[in-house]
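What follows is the residue order along each chain.
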Amino acid sequence: MIRLRAIVFFFLALPCLSCFAQSSNKGDRLKELVKQKGQANVSIVWPGKAAARELSENMSFRSVKDSELYLVVTPGNIERFLSLGYDYKIYDPDLSGSLRNSSTVKEAMQWDSYPTLPQYDSIMRSFGRDYPAICRLDTIGMSIKGRLIYALRISDHTGDERSVPRLFLTSTIHGDETGGFILMLRLAEYLLKNGRSDPRISNIIQNLEVWINPLANPDGTYRFGDEITTPVRDNANGVDLNRDFPDAETPKTSFQKETVDMIKFLRKHDFILSVNFHSWAEVVNYPWDKWERYHADNDWFYQISRNYADTVHFFSRPGYMDDLNNGITNGFEWYCINGGRQDFVTWELQGRELTVELDDDYV
């Protein structure tokens, strides 16, 4: 009888043992993926605002779609994530077809492949050299690994620089969100080539000072050298730079080098409007990201975001840039974050910043 009970117990326990094995195997797979690639993308069922806010203190979120929360697991937070016991799905996209590196500068400037780091350097220097009357190459600072973080000043205004409004366009603060990197390079070339021949572009550069920073996190993008192979979201210290800015309610005493340099640059130039380009969704995100209350100029933020999205709809294929409220969202209503650049610029610097998510594919 005892033997029979033991056999029955064994078979009853098999499903639990199987679940444990599956959970253990998935955890091992996740650890191995993080070890190999420096990060892993996972999703969980949306846990609610309160739980998501608590989770955001240790994890970086990519997006919220269809009641799923997409987040990034890294070497620095994987043990914490696994300890929380969430049921999760692993996303391991094959980037081999997307991350084609250019063989020459000429090929890179066809904008169908990614420049190597030396090619990027050459392209940025060529803009300043070939269009000296309307373009100046500057640097925001240097990354932890000593890579220059470039910015182009494009303007035909010859008087007092502060007498014209300044606009700042920046991309790839998350090193693996590379779509905006190429878009900003292509935009810079377009403005420079047409600055004297196209009346619309001429009007822009005569009456604005346009600053373009195509690559804000070179260490995350060029993680292992001069080619883009396995880019990661964070910087070389494993920190999400778009969670590293001074926060109005969560004081910090130390910041990453890239953040310190970017803050000095932003303070110096006093931009009236800035746009930070990301990927992993197709939507314009406007302040606030951390507060449920609306910005005092919420109607203005709503309207400029609506204008951007509607212009995209007019020129693009059907179905593009239609996430959330047909292509726009208030940040907090999407998901809450602390230490974001958008809120820092808008709150502390009294500027106005938008975040544009360019594509569901983050490369």
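Cut-offs and rules
- Residues numbered from 1 in each chain as written.
- Predicted model: local features only at pLDDT ≥ 70, side-chain atom pairs only at ≥ 80, totals over all residues.
- Heavy atoms only, no water.
- Helix = DSSP H or I, 4+ residues; strand = E, 2+ residues; numbered from the N terminus.
- Expected span 1.5 Å × (residues − 1).
- Buried < 20%, exposed > 50% of the residue type's maximum accessible area, 1.4 Å probe, protein only.
- Contact = heavy atoms within 4.5 Å.
- 1 Å grid on protein atoms, 1.4 Å probe; cavity = no way out; pocket = protein on both sides within 12 Å on 5 of 7 lines; lining within 4 Å.
- Points joined across faces, edges and corners; volume = space filled by probe spheres on them.
- Nonpolar A, V, L, I, M, F, W, Y, C, P; charged D, E, K, R; others polar.
- Lys, Arg positive; Asp, Glu negative; His and termini not counted.
- Salt bridge = Lys/Arg side-chain N within 4 Å of Asp/Glu carboxyl O.
- Polar contact = N/O pair within 3.5 Å; in protein donor to acceptor, adjacent residues only side chain to side chain.
- Core = buried A, V, L, I, M, F, W, Y, C linked by side-chain atoms within 4.5 Å.
- Pairing = 2+ DSSP bridges.
- Axes fitted to C-alpha atoms, helices over the stretch in contact; angles between N-to-C directions.
- Parallel < 35°, antiparallel > 145°, perpendicular 65-115°, else oblique.
- Left-handed = near helix turned anticlockwise from the far one by under 90°.

A.B. asks: How do you make sense of helix α9 (residues 257-269) when you look at a structure like this?
C.D. replies: Note on helix geometry: an α-helix contains 3.6 residues per turn, so any two residues three or four positions apart are oriented the same way. Look at α9: 19 Å from first C-alpha to last across 13 residues, which is about the 18 Å you get at 1.5 Å a residue. Along α9, the positions that sit buried rather than exposed are Glu258, Thr259, Asp261, Met262, Ile263, Phe265, Leu266 and His269. Looking at the buried positions of α9, the neighbouring elements they touch are β5 (135-142), β6 (148-154), β7 (166-171), β8 (209-213), α8 (218-221) and α13 (341-347). Immediately downstream of α9, the backbone of aspartate 270 shows phi near 50°, a positive value.

A.B. asks: Would you mind showing me how to read empty space enclosed by the protein here?
C.D. replies: One pass over the structure, following the stated rule, counts four cavities of 30 Å³ or more. Forming the boundary of the largest cavity are 22 residues, of which Asn242, Tyr335, Ile337, Thr355 and Glu357 lie nearest the centre. Going through the elements one at a time, β2 (60-65), β9 (273-278), α12 (331-334), α13 and β12 (353-357) are the ones with two or more residues in the lining of the largest cavity. Here the lining of the largest cavity is composed, by residue class, of four nonpolar, ten polar and eight charged.

A.B. asks: How should the side chain of glutamate 282 be read in this particular structure?
C.D. replies: Topologically, glutamate 282 is positioned in the loop between β9 and β10 (283-286). Arginine 317 is the oppositely charged side chain nearest to the buried, salt-bridge-free glutamate 282, at an N-O distance of 4.5 Å. Within the local environment of glutamate 282, its side chain forms a polar contact with the backbone nitrogen of aspartate 360, the two atoms lying 3.4 Å apart. Beyond its immediate chain neighbours, meaning those up to four positions away, glutamate 282 contacts Arg317, Gly319, Tyr320, Met321, Asp322, Asp323, Gly327, Glu357, Leu358, Asp359 and Asp360.

A.B. asks: Looking at this structure, how should I read the nonpolar core?
C.D. replies: As a rule of thumb, soluble globular proteins bury nonpolar side chains together. The biggest cluster of nonpolar side chains holds 44 residues, and the ones touching the most others in it are Tyr120, Phe127, Ile154, Leu169, Phe181, Leu185 and Ile212. Top contributing element to this core by residue count: helix α6 (residues 179-194), with seven residues. Those residues in contact with leucine 185 that lie beyond four places of it in its chain are Trp111, Pro115, Tyr120, Ile123, Met124, Phe127 and Pro214. If you look at the next biggest cluster of nonpolar residues, it comprises 23 residues, including Ala52, Val64, Leu71 and Val283.

A.B. asks: Just to check I follow, could you spell out the pairing of β10 for this structure?
C.D. replies: On any regular strand, side chains alternate: one points to one face of the sheet, the next to the other face. Burial along β10 is two-sided: Val283 and Asn285 and Val284 and Tyr286, pointing in opposite directions, are all buried. Looking at chain direction, β10 and β12 are connected through three bridges and run antiparallel. By the bridge assignment for β12, valine 284 is matched with valine 356.

A.B. asks: Sorry if this is basic, but what is going on with the sheet that holds strand β3 (residues 68-73) here?
C.D. replies: Adjacent strands of a sheet form backbone hydrogen bonds with each other and so pair up, either parallel or antiparallel. Strand order in the open sheet formed by four strands is β2-β3-β1-β4, and the pairing between neighbours is antiparallel. The open sheet is flanked by β2 and β4 (88-91), the only strands paired with a single partner. Adjacent strand axes in the sheet meet at a mean angle of 25°, parallel and antiparallel pairs treated alike. Bridging between strand β1 (residues 40-45) and β4 involves four bridges; their strand directions are antiparallel.

A.B. asks: Is there a simple way to explain the pattern of salt bridges in this structure?
C.D. replies: Opposite charge on two side chains allows them to pair when their charged atoms are near. Across all of its chains, the model carries 26 salt bridges by this definition. A salt bridge links aspartate 121 to arginine 125, with the nearest nitrogen and oxygen atoms 2.8 Å apart. Residue aspartate 121 and its partner arginine 125 are located together in helix α5 (residues 117-130), separated by four residues, close to a single helical turn. Residue classification places aspartate 121 among the partly exposed residues on the basis of a relative accessible area of 22%.

A.B. asks: Even after reading the chapter, I still don't get the packing of α5 against α6, so can you show me in this structure?
C.D. replies: Pairs of packed helices are described in terms of their axes, by the angle between the two and the distance that separates them. Look at α5 against α6: their axes get within 11 Å of each other, and the N-to-C directions meet at 25°. Considering the angle they form, α5 stands roughly parallel to α6. The element α5 and its partner α6 pack so that their crossing is left-handed. On the side of α5, the interface is formed by Tyr120, Ile123, Met124 and Phe127, while α6 contributes Phe181, Leu185, Ala188, Glu189 and Leu192.

A.B. asks: Explain α5 to me, please; I cannot follow it from the model alone.
C.D. replies: The end-to-end C-alpha distance of α5 is 20 Å, a good match for the 20 Å that 14 residues give at a rise of 1.5 Å each. Listed in full, the buried residues belonging to α5 are Leu117, Gln119, Tyr120, Ile123, Met124, Ser126, Phe127 and Gly128. At its buried positions, α5 is contacted by α4 (105-108), β5, β6 and α6.

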